[in-house]
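Chain by chain, the residues:
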Amino acid sequence: MKKKVILDCDPGHDDAMALLMAIASENIDLLAVTTSAGNQLPEKTFNNARKLLSLAQREDIPVAMGANKPLLRELIIADDVHGESGLDGAELPEPQVSPLKTSANDLMAEVLCNSNEKVTFVVTGPLTNMAIFLLSHPELKEKIDSISYMGGACFGGNVTPQAEFNIYVDPEAAEIVVKSGVPVHMFGLDVTLKAQLFEEDVQEIAAIDNPVAKVMAGLLHFFGLTTTQPFMSTENHVEGIHMHDPCAMAYIIDPTMFTTLKKRVDIDTSNSISTGSTVVDYDEVLDGNKNVNVGFDIDLPKFRKLIMDTMNYFSI
Ligand code: RIB
Ligand code: CA
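Parameters at a glance
- Counting of residues starts from 1 at the beginning of each chain's written sequence and follows it residue by residue.
- Just so you know, chain letters begin at A and ligand numbers begin at 1, following the order they were written in.
- Note on the predicted model: pLDDT of at least 70 is required for a residue's local features to be given, and 80 or more for side-chain atom pairs to be given and counted; whole-chain, interface and lining totals, by contrast, use all residues.
- Water and hydrogen atoms were dropped before computing side-chain values, which therefore reflect all heavy atoms in the structure.
- A run of H or I in DSSP counts as a helix once it spans at least four residues, and a run of E counts as a strand once it spans at least two, with each numbered from the N terminus.
- For every residue, the accessible area (1.4 Å probe, protein chains only) is compared with the maximum for its type, and the residue is labelled buried under 20%, exposed over 50%, or partly exposed between those bounds.
- In this analysis, two residues are considered to be in contact whenever any of their non-hydrogen atoms come within 4.5 Å of each other.
- Working definition of accessibility: Shrake-Rupley area with a 1.4 Å probe, residue cover restricted to the visible protein chains.
- His is not counted here, nor are the chain ends, while Lys and Arg score as positive and Asp and Glu score as negative.
- By convention, charge coordinates are those of NZ in Lys, CZ in Arg, CG in Asp, or CD in Glu.
- Only N, O and S atoms count as donors, using a 2.8 Å cut-off from the metal and 3.2 Å for Na, K and Ca, and because water is excluded some sites may appear unfinished.
- By convention in this text, a residue qualifies as near a molecule or strand provided that one of its non-hydrogen atoms is within 4 Å of it.
- Under this definition, polar contacts are N or O atom pairs within 3.5 Å; protein pairs additionally need one hydrogen-donor-capable and one acceptor-capable atom, and for neighbouring residues in sequence, both atoms have to be side-chain atoms.
- Under the scheme applied here, ten amino acids are nonpolar (Ala, Val, Leu, Ile, Met, Phe, Trp, Tyr, Cys and Pro), four are charged (Asp, Glu, Lys and Arg), and all others, including Gly, are polar.
- The term salt bridge refers to a pairing of a side-chain nitrogen on Lys or Arg with a carboxyl oxygen on Asp or Glu at a separation within 4 Å.

S.K.: How should I be thinking about the overall build of the protein chain in this particular structure?
M.R.: When its secondary structure is counted, the protein chain shows twelve helices and twelve strands. For the protein chain, the C-alpha atoms occupy an extent of roughly 55 × 50 × 40 Å along the three principal directions. In the protein chain, which comprises 316 residues, the share counted as buried stands at 58%. Expressed as a percentage of contacts within the protein chain between residues at least 6 apart in sequence, the contacts between residues at least 24 apart total 82%. Entry remark: accessible area of the protein chain is about 13000 Å², with carbon and sulfur atoms responsible for 53%. Separation between the mean location of the 23 positive side-chain charges and that of the 45 negative ones in the protein chain comes to 6 Å.

This is how it looks when you write it as structure tokens:
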């Protein structure tokens, strides 16, 4: 049975792959896309999502813009990673369908009200829109199957020593989500840094004869230049391109691809050196609810095949 999914994203190069993965998968019925402020300003991530749906010839899928900033904090963007457009590295087609005036919150509510099955949320940017929806529609929580998000880390961080970007941008939103009581799956840096594509993969994608693969090859080349830090590679090791966001979607497509453990997760909403960290009680030293299913490992050959199948899907 296909999983009914809403993708909330901030495209963003790896968000783009997660979106295309959902469109291509026979296990997913992508009901809607909503966009968040994160990698770039809200108008840019919104238009990027519209362009990606145009590229995939799926402008029938509704897309709506979400909040223009985090719940309490000022917006921080990742233009150093994703570029001025948020999808630097390739030219995407202009959308043919006029933008929806509906808000992300209203589109989420409309989709859940109209669905006769539970809906899964995949979130690949800051959790602002997800938190707003949970707060404004408690009556619809029962219609949520689960929330699968890319964010956080049990160990480490990529914005500060202990905070990953999506959580760091809106820690308060992340706290609302992990304490919501809804089943939550977390794909943090512990597993997403292992989800790597390499130069030969990009070349294989570039050789696939369809416009989606051509664009994705350009996006991956750019993304590889801005995210793989020199210190990560040594004379004996070449670090690949980190495909963070597709992990959150791949889990919904095929959970067997990942090793996960239920752990208690709290969010640091202080204003300190550890702001935005996901405090994962890995050794279970605290009492309390193991509220999050945390990803720790990935079957990389299976993941890579899913990426390639996604790219080849658009040749049909
Ligand atoms: O830390 C990685 C996350 O930040 C990914 O979602 C990427 O798209 C950026 O938003
Ligand atoms: Ca993202």
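S.K.: Mind showing me how you'd approach the coordination of the calcium ion (ligand 2) here?
M.R.: Where a metal carries four tetrahedral donors, each ideal angle is 109.5 degrees; where it carries six octahedral donors, the ideal angles are 90 or 180 degrees. Bound to the calcium ion (ligand 2) on the protein side are Asp10 (OD), Asp15 (OD), Asp15 (OD), Thr124 (O) and Asp245 (OD), at distances that span 2.2 to 2.6 Å. Positions of the donor residues of the calcium ion (ligand 2), expressed as sequence spacing, correspond to D-x4-D-x108-T-x120-D. Linking Asp15 in helix H1 (residues 13-24) with Asp245 in helix H11 (residues 244-253), this pair joins segments that are 230 residues apart in sequence. Like Asp15, the residue Asp245 is buried in the burial classification.

S.K.: Just to check I follow, could you spell out the site of ligand 1 for this structure?
M.R.: Contacts to ligand 1 come from 13 residues, most closely from Asp14, Asn39, Asn158, Glu164 and Asp245. Here an oxygen atom of ligand 1 sits 3.3 Å away from a polar atom, N or O, in the side chain of Asp10. Between ligand 1 and the protein, one listed contact pairs an oxygen atom with a side-chain N or O atom of Glu164 at 2.6 Å. Burial of ligand 1 by the surrounding chains reaches 95%, relative to a free accessible area of 280 Å². Grouping the constituent residues of the shell around ligand 1 by class yields two nonpolar, six polar and five charged.

S.K.: Where do I start with the side chain of His185 in this structure?
M.R.: Of note, His185 is situated in strand S6 (residues 184-187). What makes His185 buried here is its relative accessible area of 13%. One polar contact links His185 to Asn293, side chain to side chain, over a distance of 3.0 Å. Ignoring sequence-local partners within four residues, the contact set of His185 consists of Ser146, Ile147, Ser148, Tyr149, Tyr251 and Asn293.

S.K.: Got a minute to help me understand the pattern of salt bridges in this structure?
M.R.: Between side chains of opposite charge, pairing is possible as soon as their charged atoms come close. For the structure shown, the criterion picks out 15 salt bridges. The partner of Lys44 in a salt bridge is Glu84, with the nearest N and O atoms 2.6 Å apart. Of this pair, Lys44 sits in helix H2 (residues 42-55) while Glu84 sits in the loop between helix H3 (79-82) and helix H4 (104-114); the two residues are 40 residues apart in sequence, bridging distant segments of the chain. Classification of Lys44 as partly exposed rests on a relative accessible area of 25%. Here Glu84 falls in the exposed class, since its relative accessible area comes to 53%. In this structure, the salt-bridge partner of Lys302 is Asp254, at a minimum N-O distance of 3.6 Å. Taken together, the positions of Lys302 in helix H12 (residues 300-313) and Asp254 in the loop between H11 and strand S9 (258-263) put the pair 48 residues apart, joining distant regions of the chain. Residues participating in the shared-partner salt-bridge network are Asp201, Glu204 and Arg304.

In short, geometric facts, not functional conclusions.
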